[in-house]
Amino acid sequence: KSQTPITVFSFTRNLGFGIQGEDVKKLQGFLANPPIGGAAIYPEGLITGYFGSLTQKAVQRFQCKYSIICSGTAYSTGYGSVGPKTRAKLNELLTQ
């Protein structure tokens, strides 16, 4: 029997409002079904590939939960967008 290798996804680009792509789908799936205990950070669970207001609110909840940032805007502090610190935390959790 040959085993299929497990593909580990990692986030490699900044994500924010209006961006579309496969990595946005992965982000939405991760936030809707976090691999490590706790309730979904993205209860709406829409996996559309479009980074809209629901995804932005889910990212804000994620950032607050992990003490990354809890105030400001996507433009002033990165609150609600996936920048280097948020991306690093997501990738860390994906490898656990």
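Residues numbered from 1 in each chain as written. Predicted model: local features only at pLDDT ≥ 70, side-chain atom pairs only at ≥ 80, totals over all residues. Heavy atoms only, no water.

> Would you mind going over the side chain of Thr86 with me for this structure?
Along the chain, the position of Thr86 falls in helix H3 (residues 84-94). Given a relative accessible area of 4%, Thr86 falls into the buried group. Reaching out from Thr86, the side chain makes a polar contact with the side chain of Gln63 at a distance of 2.9 Å. If sequence neighbours within four positions are ignored, Thr86 has contacts with Phe62, Gln63, Ile68 and Ser81. (Helix = DSSP H or I, 4+ residues; strand = E, 2+ residues; numbered from the N terminus. Buried < 20%, exposed > 50% of the residue type's maximum accessible area, 1.4 Å probe, protein only. Polar contact = N/O pair within 3.5 Å; in protein donor to acceptor, adjacent residues only side chain to side chain. Contact = heavy atoms within 4.5 Å.)

> How should the state of the cysteines be read in this particular structure?
Every disulfide links exactly two cysteines, by a covalent bond between their sulfur atoms. Evaluated as defined, the whole model comprises 1 disulfide. Disulfide pairing places Cys64 opposite Cys70 at an S-S distance of 1.6 Å. Residue Cys64 is classed as partly exposed on the basis of its relative accessible area, which comes to 30%. According to the relative accessible area criterion, Cys70 is partly exposed, its value standing at 44%. (Disulfide = S-S within 2.5 Å.)

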